[in-house]
Amino acid sequence: MTHIWVNNRLMNRNEATIDPEDRGYQFGDGVYEVVKVYDGNLFEMTAHIDRFYRSADELRIVIPYTKDVLHKMVYDLVEADQLETGHVYMQITRGVAERQHYFPENATAVFTAYTQVSERPIEQFENGISALLYEDIRWLRCDIKSLNLLGAVLAKQAAHEANCDEAILHRGNIVTEGSSSNVYGIKDGKVYTHPANNLILNGITRQVVLRCAEEEGIEVIEEAMTVEALLAMDEVFFTSTGAEVSPIVKINDTVIQNGKPGPWTRKLQQAFNAKVQQSITI
Ligand code: PDD
């Protein structure tokens, strides 16, 4: 909203400038996080920070703050913007240097973070969405939350043009995840989802939902599904920081169940919502 961190300075957004030779801008050479804010509270911030450092580390980008300092900076940003419900976007790039592909010797990482007001998608929780199947054309390190998002952008655009809200990606016949979410099927009360390896981003929402499933006594099988298996599921849903637990009621021309969110998805939605409420009250 009004403020932005640019390295160590919290400034007005309209004062911020980006150097055209920032490697984030030229190569997508950086990583990012999106953190949900409920009632002014950062949801699962420790997990997001851990993943931010892990992603940076995998690309050998050094974040010049301790995790505690970064946490405090983001907290101060939310306070400065008086954000109630919305999210924080933060990223770090390898820095500014004359353009050449290999790592520059003397670049210092560039950190930016700002907030955005965003409401919880209540209508989507209730009625679910339609999704489009799309070939997963991304690289083989989808576990890194990198700024390179063209595979996701093209998939989401195809979904958008087909009047769908999400693209479900598949590598050949294997379903991996959504263009910006994790995807699950439920059959006979068991939840199926792709294992957290290099082919998907291990969503923070995914980790919370798997915890919810365990607490509710719902079995989770972390095994890749084929496209045919997905289409034959009793229920399908997807998760992300913004979507939380959202039902998918149609995939291409296949209506899932009768086009209505099912009871197991509802149970996980309730359990997830309870975690959100807990985070607000503690
Ligand atoms: N996207 N998989 C991909 C490819 C994603 O981009 C995301 C999140 C997820 C879910 O992760 P999480 O539950 O931690 O939000 C899975 C973010 C929200 C985005 O790019 O806007």
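Let me begin by describing the structure that accompanies this report. (Residues numbered from 1 in each chain as written. Predicted model: local features only at pLDDT ≥ 70, side-chain atom pairs only at ≥ 80, totals over all residues. Heavy atoms only, no water.)

**Things to note about helix α2 (residues 45-58)**
In step 1: Over its 14 residues, α2 extends 20 Å from the first C-alpha to the last, a length consistent with the 20 Å expected when each residue adds 1.5 Å.
In step 2: Where α2 is buried, its residues touch β3 (30-38), β4 (41-42), α3 (67-81), β5 (86-93), β6 (110-117) and α6 (204-216).
In step 3: Taken from the residues just after α2, Arg 60 is the one with a positive phi, measuring 55 degrees. (Helix = DSSP H or I, 4+ residues; strand = E, 2+ residues; numbered from the N terminus. Expected span 1.5 Å × (residues − 1). Contact = heavy atoms within 4.5 Å.)

**Notes on the layout of surface pockets**
In step 1: Its volume calculated, the largest pocket comes out at about 970 Å³.
In step 2: In this structure, the largest pocket is lined by 42 residues; those nearest its centre are Tyr 32, Lys 145, Ser 179, Ser 180 and Ser 181.
In step 3: Looking at the lining of the largest pocket, the elements with two or more residues in it are β3, β5, α5 (150-161), β9 (174-178), α6 and β14 (235-240).
In step 4: Here the element with the most residues in the lining of the largest pocket is α5; it accounts for five residues.
In step 5: Within the lining of the largest pocket, the residues separate by chemical class into 16 nonpolar, 17 polar and nine charged. (1 Å grid on protein atoms, 1.4 Å probe; cavity = no way out; pocket = protein on both sides within 12 Å on 5 of 7 lines; lining within 4 Å. Points joined across faces, edges and corners; volume = space filled by probe spheres on them. Nonpolar A, V, L, I, M, F, W, Y, C, P; charged D, E, K, R; others polar.)

**Section: empty space enclosed by the protein**
In step 1: For the structure shown, the criterion picks out two cavities of 30 Å³ or more.
In step 2: Volume-wise, the largest cavity comes out at about 70 Å³.
In step 3: In this structure, the largest cavity is lined by Lys 36, Tyr 38, Phe 43, His 48, Ile 204, Thr 205, Thr 241, Glu 244 and Phe 272.
In step 4: Where the lining of the largest cavity is concerned, the elements lending two or more residues are β3 and α6.
In step 5: Classifying every residue of the lining of the largest cavity gives four nonpolar, three polar and two charged.
In step 6: The calculated volume of the second largest cavity comes to roughly 40 Å³.
In step 7: Along its surface, the second largest cavity is lined by Asp 234, Glu 235, Val 236, Pro 247, Ile 248, Val 249, Ile 256, Lys 260, Pro 261, Gly 262 and Thr 265.
In step 8: Secondary-structure elements contributing two or more residues to the lining of the second largest cavity are β14 and β15 (244-251).

**A few points about α3**
In step 1: Along its 15 residues, α3 runs 21 Å from first to last C-alpha, staying within 8% of the 21 Å computed at 1.5 Å per residue.
In step 2: For α3, every residue scored as buried is listed here: Leu 70, Met 73, Val 74, Leu 77, Val 78 and Asp 81. For α3, the buried positions fall inside an angular range of 135 degrees around the axis, keeping them on one side. Residues of α3 that are exposed and angled more than 90 degrees away from the buried face: Asp 68 and Glu 79.
In step 3: Trailing α3 by a residue or two, Gln 82 shows a phi angle of about 50 degrees, which is positive. (Buried < 20%, exposed > 50% of the residue type's maximum accessible area, 1.4 Å probe, protein only. Arc of directions from axis to C-beta.)

**Thoughts on the site of the ligand**
In step 1: Every one of the 17 residues lining the ligand counts as a neighbour, but Tyr 32, Glu 177, Ile 204, Thr 205 and Thr 241 are closest to it.
In step 2: One of the side-chain nitrogen or oxygen atoms of Glu 177 is found 2.7 Å away from a nitrogen atom of the ligand.
In step 3: About the coverage of the ligand: the protein hides 87% of its 470 Å² of free accessible area.
In step 4: Of the pockets mapped on this structure, the ligand occupies the largest pocket.
In step 5: Mapped by element, the contributors of at least two residues to the shell around the ligand are β3, β9 and α6.
In step 6: A breakdown of the residues in the shell around the ligand according to their chemical character gives four nonpolar, nine polar and four charged. (Near = heavy atom within 4 Å. Polar contact = N/O pair within 3.5 Å; in protein donor to acceptor, adjacent residues only side chain to side chain. Areas by Shrake-Rupley, 256 points an atom, 1.4 Å probe, with all protein chains shown as cover. Sits in = over half its atoms within 2 Å of the grid points.)

**Details of the pairing of β9**
In step 1: Across the five residues of β9, four count as buried, placing the element largely inside the fold.
In step 2: As defined by bridge partners, strand β8 (residues 166-171) adjoins β9 across three bridges and the pair is classed as antiparallel. Within β9, the residue paired with Ile 168 across the bridge is Gly 178.
In step 3: Two successive antiparallel strands, β8 and β9, enclose a turn made up of two residues, where Gly 172 displays a positive phi of approximately 60 degrees.
In step 4: Of the pairings in the sheet, the one linking β9 to strand β13 (residues 225-226) comprises two bridges and is antiparallel in character. (Pairing = 2+ DSSP bridges.)

**Quick word on the packing of aromatic side chains**
In step 1: Tallying each qualifying case throughout the model produces eight aromatic pairs.
In step 2: Plain terms: the ring middles of Tyr 32 and Tyr 89 are 5.6 Å apart, the flat faces sit at 25 degrees to each other, and that makes the pair stacked. Of this pair, Tyr 32 sits in strand β3 while Tyr 89 sits in strand β5, placing them 57 residues apart in sequence.
In step 3: On the basis of relative accessibility, which here comes to 11%, the residue Tyr 32 falls in the buried class. (Phe/Tyr/Trp six-rings, centres within 6.5 Å; stacked < 30°, edge-to-face > 60°.)

**What to know about the packing of α2 against α3**
In step 1: Contact geometry for α2 and α3: axes closest at 11 Å, N-to-C directions at 120 degrees. By the angle class used here, α2 and α3 are oblique. Here α2 runs over α3; the crossing is right-handed. Within the contact between the two elements, α2 uses Met 45, Thr 46, Ile 49, Asp 50, Phe 52 and Tyr 53 and α3 uses Lys 67, Leu 70, His 71 and Val 74.
In step 2: Its residues placed into classes, the contact of α2 with α3 shows six nonpolar, two polar and two charged. (Axes fitted to C-alpha atoms, helices over the stretch in contact; angles between N-to-C directions. Parallel < 35°, antiparallel > 145°, perpendicular 65-115°, else oblique. Left-handed = near helix turned anticlockwise from the far one by under 90°.)

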